[in-house]
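# Geometric and topological summary
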Amino acid sequence: MELKRVVVTGLGALTPIGNTIEEYWDGLVNGKSGAAPITYFNTEKFKTKFACELKNFNATDFFNRKDARKMDKFTQYAMVASDEAILDSKLDLDSIDKLRVGVIWGAGIGGIETFQQEVLNFAQGDGTPKFNPFFIPKMIADIAPGNISIKNGFMGPNYTTVSACASSANAMADALNYIRLGHCDVIVTGGSEAAVTIAGMGGFNAMHALSTRNDDPQSASRPFDANRDGFVLGEGAGALILEEYEHAKARGAKIYAEFVGAGLSSDAHHMTAPHPEGIGVIAVMKNCLQNAGLNPEDVDAINTHGTSTPLGDVAELKAISKVFDTHVKTMNINSTKSMTGHLLGAAGAIEAISAILSMKHGIVPPTINHSTVDSNIDSQLNLTLNKAQKRDVNVVMSNTFGFGGHNACVLFKKID
């Protein structure tokens, strides 16, 4: 069976450094930090008092109040980003076969704020279980793609992938295969997360996963820097329209890139820590290259998982060096989490979008906030430090890893 070709025809983004694709890209190339003191709740007693929140986002700019109240933030974000992507794709929703259009979405946690609020309300009451009838529908992770499908009438595959921070990259991999195998013509994919909450911040602080650089939040996310001390929690959504090549070509669609491969693997090592030698990460990148039918020397740039954790950054770069061997020194390596923070289940999607835009514009966004060399990291690697770099990017990879040892890798190529 000959596999179908898959292309990207629409993009949407809602991030801490920009609420549209255009704003997001502008923030990336200019090295903008999205970190700032938390405004959503009182952080007086929290170890970490900052995060990468969305700026100037008002749900009522997109939904009426009644509809907004029926959705957790992570679903609101999904709807806004997917609307932008669909509009960008110029799909004619009145003429396409909606039975062959699916929505495969990623969310690592889902409606954590809704869950938190309902439990707090119950705890403050008299013990009578007076829960909101929308509690469960707002909280469940699969409700985001459900709402996207309901709004647009898409009747193809519809579900959420949950693999912690690899969730939206997993969603993209699944979407790629559905189209490749001829089951769908179009899939809306990506991911969303809204975990900047009391429970989210408190939980990650308890794990000692977050940076506590409260005196200088904007420089707290510092992948590959010797003084990194944990990731910065972010929120938002990224959406991609994936389309079968001939379907896109027939309607004269704008094509950003060809989605040529995806890989998955497991560390099988530890709940939260990466394998120190990066065995699972090596496997996932090799799987992705093989799936794409490409060689290591074909890849020009990698947007790393690069969370700014002491163990994770070193393990990933060691794995990259093993996979790409001497070619690694000719590549651009970066981590856009230095600007957006870590969007958890949405990370794979927004970072894949950054990788795709790198090809379109011939610019690799920087890894900001780097000031001190880590002796455990090969100094000959081009980590695209502190300033965007111009270069031709014909093939680009994006890595995403999740607690539980979930590894996902996606690969894009300029369309022939």
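Refer to the preceding data block for the structure.
One structure accompanies this document, and this report is about it. The structure displayed is predicted, hence computed values, not measured ones.

Moving on, we come to the packing of aromatic side chains. Overall, the coordinates contain 11 aromatic pairs when judged by the stated rule. On the basis of an interplanar angle of 55 degrees and a centroid distance of 5.2 Å, the ring pair of Phe-41 and Phe-46 is categorised as tilted. One exposure class covers both Phe-41 and Phe-46, and it is buried. Ring centres of Phe-122 and Phe-131 lie 5.5 Å apart, and the angle between their planes is 20 degrees; on these two criteria the pair is classed as stacked. Owing to a relative accessible area of 35%, Phe-122 belongs among the partly exposed residues under this scheme. By way of ring pairs, the aromatic residues Phe-57, Phe-62, Phe-63 and Tyr-77 are connected into one cluster. Above the plane of the ring of Tyr-245 lies Arg-5, whose end atom (NZ or CZ) is 4.4 Å from the centre. Directly above the ring of Tyr-40 sits Lys-73, whose terminal nitrogen or CZ lies 3.6 Å from the centroid.

For helix H4 (residues 112-123), spanning 12 residues, the distance from its first C-alpha to its last is 16 Å, which sits close to the expected 16 Å at 1.5 Å a residue. Looking at H4, one finds that the buried residues are Ile-112, Thr-114, Gln-116 and Glu-118. Buried-residue contacts for H4 involve helix H5 (135-139) and helix H8 (198-206).

All right, on to helix H1 (residues 21-29) then. Since the α-helix advances by 3.6 residues per turn, residues separated by three or four positions end up pointing in the same direction. For H1, the complete set of buried residues consists of Ile-21, Tyr-24, Trp-25, Gly-27 and Leu-28. The arc enclosing the buried residues of H1, seen along the axis, measures out at 160 degrees, which places them on a common side. Among the structural elements, strand S1 (6-14), helix H3 (73-89), helix H12 (337-340), helix H13 (347-361) and strand S11 (363-364) are those in contact with the buried residues of H1. Remark: Gly-31 follows H1 within two positions and exhibits a positive phi of approximately 65 degrees.

This part takes up the sheet that holds strand S10 (residues 332-334). For sheets, the rule is that strands pair by backbone hydrogen bonds, running either parallel or antiparallel. The strand order S5-S4-S6-S7-S1-S8-S14-S13-S9-S10 describes an open sheet built from 10 strands, whose pairing is mixed. Since the sheet does not close on itself, it has two edges, and those belong to strand S5 (158-161) and S10, each with one partner. Going across the sheet, the axis of each strand differs from the next one's by a mean of 25 degrees, ignoring polarity. Against the sheet, helix H7 (residues 167-180) makes contact with S1, strand S4 (101-106), S5, strand S6 (186-193), strand S7 (236-244), strand S8 (257-266), strand S13 (395-402) and strand S14 (406-413), and its axis sits at roughly 175 degrees relative to S6, the strand it touches most. Set on the sheet, H13 makes contact with S1, S6, S7, S8, strand S9 (301-303), S13 and S14; between it and S13 the angle comes to about 165 degrees.

What counts, and where the lines are drawn
Along each chain, the written sequence defines residue order, and numbers are assigned to residues from 1. Residue-level local features of this predicted model are given only where pLDDT is at least 70; pairs of side-chain atoms are given and counted only at 80 or more, and the full residue set underlies all totals for whole chains, interfaces and linings. Side-chain numbers here rest on the full set of heavy atoms in the structure, without hydrogens or water. Pairs were defined over the aromatic rings of Phe, Tyr and Trp, the Trp ring being its six-membered one, requiring ring centres within 6.5 Å. Orientation was assigned from the angle between planes: stacked under 30 degrees, edge-to-face over 60, tilted for the rest. Burial classes: relative accessible area under 20% of the type maximum marks a residue as buried, over 50% as exposed, and values in between as partly exposed (1.4 Å probe, protein chains only). Note on criteria: charge over ring means Lys NZ or Arg CZ within 6 Å of the ring centre, with the direction from the centre no more than 35 degrees off the ring normal. Comment: elements are numbered from the N terminus, with helices defined as DSSP H or I runs of at least four residues and strands as E runs of at least two. Expected helix span is given by 1.5 Å per residue-to-residue step, counting one fewer step than there are residues. When checking whether two residues touch, look at their non-hydrogen atoms; a contact exists if any pair is within 4.5 Å. Within this analysis, the arc is defined by the directions that extend from the helix axis to the C-beta atoms. What makes two strands pair is DSSP finding at least two bridges between them. Every axis corresponds to a line fitted to the C-alpha atoms, with the helix fit spanning only the stretch in contact, and the corresponding angles, defined between N-to-C directions, vary from 0 to 180 degrees.

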